[in-house]
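# Commentary on secondary and tertiary structure
This is what each chain is made of:
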Amino acid sequence: MDIVVCVKRVPLTEEVDLAVDEHKKGIKKDQLAFVLNDWDNYAIEEAILLKEKHGGTVTAITVGSEEDEEVLRRCLAMGADRAIRIEAGDVSRFDSFGISKILSRVVKDFPFDLVFTGVLADDDYCGMVGMMVAEELGINHANMVIAIEIENGKARTTSELEGGLGEVSSIALPALLAIQTGINEPRYVSILGIRKAAKKELKVMDLSELGISDEELSPRTIIEEVYLPPETEGAQILTGDPDKIASDFVEILTKKGVMG
Amino acid sequence: MSEVFVIVEHRLGEIRDITLEMLWKAGELAQEHSYNVTAILLGHEVSSIAETISDRADKIIISDDEQLKNFNADIYKEIIAGLIEESKPGLILIGNTAWGMELAPCLAVRTGFPLATDCIDITFKDGKLTVQRQMFSGKIFSNVSFSSSAGCLLTIRSGVFPKDRIGDRQAQIVQREFSLKEIPQKKDFIEFVETAAGDVDIAQAELLVSVGRGIGEEENISLVRELAEALNGLLSCSRPIVDKNWLPKYLQVGSSGKSVNPKVYVAVGISGAFQHLQGITGAGTVIAINKDPKAPIFRAADYGIVGDLFKIIPVLKEKVLETRKG
Ligand SMILES: Cc1cc2nc3c(=O)[nH]c(=O)nc-3n(C[C@H](O)[C@H](O)[C@H](O)COP(=O)(O)OP(=O)(O)OC[C@H]3O[C@@H](n4cnc5c(N)ncnc54)[C@H](O)[C@@H]3O)c2cc1C
Ligand SMILES: Cc1cc2nc3c(=O)[nH]c(=O)nc-3n(C[C@H](O)[C@H](O)[C@H](O)COP(=O)(O)OP(=O)(O)OC[C@H]3O[C@@H](n4cnc5c(N)ncnc54)[C@H](O)[C@@H]3O)c2cc1C
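Bear in mind the structure is a predicted one, so any value in this text is a computation, not a measurement. (Residues numbered from 1 in each chain as written. Chains lettered and ligands numbered in written order. Predicted model: local features only at pLDDT ≥ 70, side-chain atom pairs only at ≥ 80, totals over all residues. Heavy atoms only, no water.)

### Details of the overall build of chain A
Helix and strand content of chain A: 7 helices and 13 strands. Its C-alpha atoms give chain A principal-axis dimensions of roughly 65 × 45 × 40 Å. Considering only intrachain contacts with a sequence separation of at least 6, the fraction spanning at least 24 residues in chain A is 72%. Total accessible area on chain A is roughly 11500 Å²; 48% of this is exposed by carbon and sulfur atoms. With 28 positive and 48 negative side-chain charges, chain A shows a spacing of 5 Å between the two charge centroids. (Helix = DSSP H or I, 4+ residues; strand = E, 2+ residues; numbered from the N terminus. Contact = heavy atoms within 4.5 Å. Areas by Shrake-Rupley, 256 points an atom, 1.4 Å probe, with all protein chains shown as cover. Lys, Arg positive; Asp, Glu negative; His and termini not counted. Charge placed at Lys NZ, Arg CZ, Asp CG, Glu CD.)

### Digging into the domain arrangement of chain B
Residue and element names in this part refer to chain B. In terms of domains, chain B is made up of domain 1 (3-182) and domain 2 (202-325). Taking the mean C-alpha position of each, domain 1 and domain 2 sit 35 Å from one another. Taken together, the contact pairs 7 residues of domain 1 with 6 residues of domain 2. Between domain 1 and domain 2 the total buried area reaches about 530 Å² when both faces are included, carbon and sulfur atoms providing 52% of it. Contact with domain 2 buries surface across domain 1, with Ser137, Lys139 and Arg157 losing the most and accounting together for 63% of the total. Summed over the shared surface of domain 1 and domain 2, the result is 1 salt bridge. Across the domain 1-domain 2 interface, the total number found is 3 residue pairs in polar contact (both at pLDDT 80 or more). Here the residues of the side of domain 1 that touches domain 2 sort into 1 nonpolar, 3 polar and 3 charged. (Domains from an automatic or database assignment. Buried area = accessible area lost by both parts, 1.4 Å probe. Salt bridge = Lys/Arg side-chain N within 4 Å of Asp/Glu carboxyl O. Polar contact = N/O pair within 3.5 Å; in protein donor to acceptor, adjacent residues only side chain to side chain. Nonpolar A, V, L, I, M, F, W, Y, C, P; charged D, E, K, R; others polar.)

### Looking at the site of ligand 2
All names here are of chain B. If you check the shell around ligand 2, you find 32 residues, and the closest are Ser238, Gln252, Ser256, Ser271 and Asn290. Contact distances for ligand 2 include 2.7 Å between an oxygen atom and a side-chain N or O atom of Gln252. At a separation of 3.1 Å, an oxygen atom of ligand 2 approaches a polar backbone atom of Ser255. Taken by itself ligand 2 offers 980 Å² of open surface, and the protein chains cover 93% of this. Those elements that provide at least two residues to the shell around ligand 2 are helix H6 (239-243), helix H7 (274-277) and helix H9 (309-325). Here the shell around ligand 2 is composed, by residue class, of 10 nonpolar, 15 polar and 7 charged. (Near = heavy atom within 4 Å.)

### Let's talk about the site of ligand 1
In the vicinity of ligand 1 there are 32 residues, among which A:Cys6, A:Lys8, A:Asp40, A:Ala121 and A:Gly127 approach most closely. This site is not confined to one chain, since residues near ligand 1 come from chains A and B. A:Asp40 is positioned such that a nitrogen or oxygen atom in its side chain is 2.5 Å from an oxygen atom of ligand 1. One nitrogen or oxygen atom from the main chain of A:Cys126 is found 2.9 Å from an oxygen atom belonging to ligand 1. Within the complex, the protein chains bury 96% of what would otherwise be the 940 Å² of accessible surface of ligand 1. Those elements giving two or more residues to the shell around ligand 1 turn out to be strand S4 (57-63), helix H3 (96-108), strand S6 (114-118) and strand S12 (221-227) of chain A together with strand S7 (115-119), strand S9 (128-135) and strand S10 (140-146) of chain B. Residues of the shell around ligand 1, tallied by class, amount to 19 nonpolar, 8 polar and 5 charged.

### A look at the pattern of salt bridges
All names here are of chain B. Applying the stated criterion across every chain, the model contains 39 salt bridges over all chains. Residues Asp58 and Arg169 are paired through a salt bridge, measuring 2.9 Å at the closest nitrogen-oxygen approach. Linking Asp58 in the loop between helix H2 (47-53) and strand S5 (59-64) with Arg169 in the loop between strand S11 (152-156) and strand S12 (172-175), this pair joins segments that are 111 residues apart in sequence. On the basis of relative accessible area, Arg169 is assigned to the buried category, the value being 10%. In this structure, the salt-bridge partner of Arg110 is Glu78, at a minimum N-O distance of 2.8 Å. Of this pair, Arg110 sits in helix H4 (residues 100-111) while Glu78 is found in helix H3 (residues 73-87), placing the two residues 32 residues apart along the sequence. (Buried < 20%, exposed > 50% of the residue type's maximum accessible area, 1.4 Å probe, protein only.)

### Section: the packing of aromatic side chains
Residue and element names in this part refer to chain B. On inspection of all chains with the given rule, the structure shows 8 aromatic pairs over all chains. Ring centres 6.0 Å apart and planes at 20 degrees place the aromatic pair Trp24 and Phe161 in the stacked group. One end of the pair, Trp24, is in helix H1 (residues 17-33); the other, Phe161, is in the loop between S11 and S12, and 137 residues separate them in sequence. Each member of the pair, Trp24 as well as Phe161, carries the same accessibility label: buried. Here Arg11 stacks its cationic end above the ring of Trp99, 5.8 Å away from the centre of that ring. Above the face of the Phe274 ring, Arg157 is positioned so that its terminal group lies 3.4 Å from the ring centre. (Phe/Tyr/Trp six-rings, centres within 6.5 Å; stacked < 30°, edge-to-face > 60°. Lys NZ or Arg CZ within 6 Å of the ring centre and 35° of its normal.)

### What about the sheet that holds strand S13 (residues 187-193) of chain B?
With mixed pairing, the 10 strands of this open sheet are ordered in space as S11(A)-S5(A)-S4(A)-S1(A)-S6(A)-S10(A)-S7(A)-S8(A)-S9(A)-S13(B). Of all strands in the sheet, those bounded by a partner on one side alone are strand S11 (201-206) of chain A together with S13 of chain B. When strand polarity is set aside, the average angle formed by the axes of neighbouring strands in this sheet is 30 degrees. Relative to strand S10 (residues 175-179) of chain A, strand S7 (residues 140-151) of chain A runs parallel, the two sharing 4 bridges. The partner of A:Ala142 across the bridge, within S10(A), is A:Leu177. Lying on the sheet, helix H4 (residues 129-137) of chain A is in contact with S6, S7 and S10 of chain A; it crosses S10(A) at an angle near 175 degrees. Contacts from H4(B) reach S7 of chain A together with S13 of chain B within the one sheet, and its direction differs from that of S7(A) by about 110 degrees. (Pairing = 2+ DSSP bridges. Axes fitted to C-alpha atoms, helices over the stretch in contact; angles between N-to-C directions.)

### Thoughts on the confidence of the model for chain B
Per-residue confidence for chain B gives a mean pLDDT of 94, with 100% of residues at or over 70. The ipTM for the predicted assembly is 0.95, set against a pTM of 0.96. (pLDDT = per-residue confidence, 0-100.)

In structure tokens:
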């Protein structure tokens, strides 16, 4: 079972005041901490679990800058066998088509049974790269995958639909599965583990090696403007000392008839 | 452009609300810009669904085939790509649902049309199509437009447009047959499985205290549970709590969990991602407790407490117990 996992490094943005950059095309990222995209963390774990069960290899791939190698090292520490970074300059100039073109071109030349992506990337939140890569590769696919069993060259997958309904399907390999959170419990990675994994192979390829024309990579969507949410009324904030807040809280509940 | 396509989503014989919402938006655009609205209905024994939308579209293209009984992205993709080639619609609307998120990107690669996902609004200014999207769990908005293309694909977030009928339409029904045998079906549907039911049903609760990732550690959940118990309410949670296996799936609120309608919903350490908010549209009053004053939950809540839940929750619990004792 050879599995390729596409991973992205994303900024952590909870509890952070985000600011729009001067071109209004993105956010200011210099003050932010970065992590492996949550969905990709589950995807890499799932690949390693399948490898542990069925043998084979796990390869992690990212299209990104040298700084993004940090998430590849994490994947290696979790148990991936090797990692590939595609150096493509400023990645923000691509739309999802571009990213998918690059990823599918790299994956195409690999022997693989499965390709995993996350359902979504926590930052741009497009949720389309996975299925685009599948279509580019012309392989079978399933989205929102929360369970996988491999049997006789097929994957039995459960996709999560709205309301928590599971849709069970059977698809022949090779296939691309977009992994949903909660499919497993990603293992803990220590700093020492990351250091130890430094010996593993991390290959850097340049976009120019892939023979994709600029034309194919030119974006079809244009970011006009990025901005902070419009001010709305929002919640009435309870203020004062803790005791006052607690009294107000109880008063609201009483008024709404749930304190009885 | 003369036509908007709306891809009808239905499951187990029922039309999904997202379809009505997309038809509303398509209808609104059609009124302003004199387009025709065409609904694409693929399925098996779908006449009642066609009936439901017959006054919301100018045309319904129906393909009724046993093989279309269950959604299949490959078959949908081929049929819709063919219809796009025939009619050249300028805009194709698909739900930003589990199925839509599988179909739309494949269709985009297949047709070469640009795709914007999870759109929360669509506008035309001077003939230029612009959509509004959110990023970073709703902390940032963006406007996206498109390079010149015969058509554009958009997936639409659930719950942002009304389900109402707009305008006065009488759909022409067009029945079509496609030779589905020639389409390689790559995925075989086996069955649907329901989430296991639990000993409590949060959908029936009058008061819910819901815990989110802000709780930090599994052990800390007891803090929130105690508040729920003091209030004679039920404990529920956001998705990451279920993903970590800290609480069972049947306690999850949101689009992939349960829709709840308590009189009061208290959200503790929950940021307010739209998938979560979709589960509480039926809640009477929402009170949010979060240490980030910019958390999107405060835009959806009626009341807010800004601060550290570890300091606030014990005080609230004491006050509730005190009040109950009278
Ligand atoms: C404000 C804004 C709006 C945008 N709107 C659009 C739009 O409407 N249409 C459009 O086509 N593009 C759009 N883009 C561009 C798009 O976000 C980027 O191309 C992005 O790299 C891919 O989308 P995503 O990160 O949301 O990935 P998603 O599709 O959400 O990611 C899913 C999975 O794909 C894989 N993946 C994603 N990126 C990489 C990578 N660099 N390396 C390896 N694997 C990866 C990961 O497995 C990830 O879990 C927009 C960008 C911005 C900043
Ligand atoms: C297809 C799909 C379906 C989904 N379905 C659902 C669903 O049904 N339900 C759902 O909930 N999510 C769902 N999600 C996930 C959703 O996008 C969010 O990731 C999730 O809702 C975030 O949960 P959260 O608010 O608990 O965590 P976070 O977004 O991590 O927020 C934690 C919050 O806690 C606050 N906090 C931290 N520490 C403290 C403290 N000490 N005191 C007070 N506040 C604190 C932080 O400021 C932050 O706002 C779905 C996602 C996808 C892609």
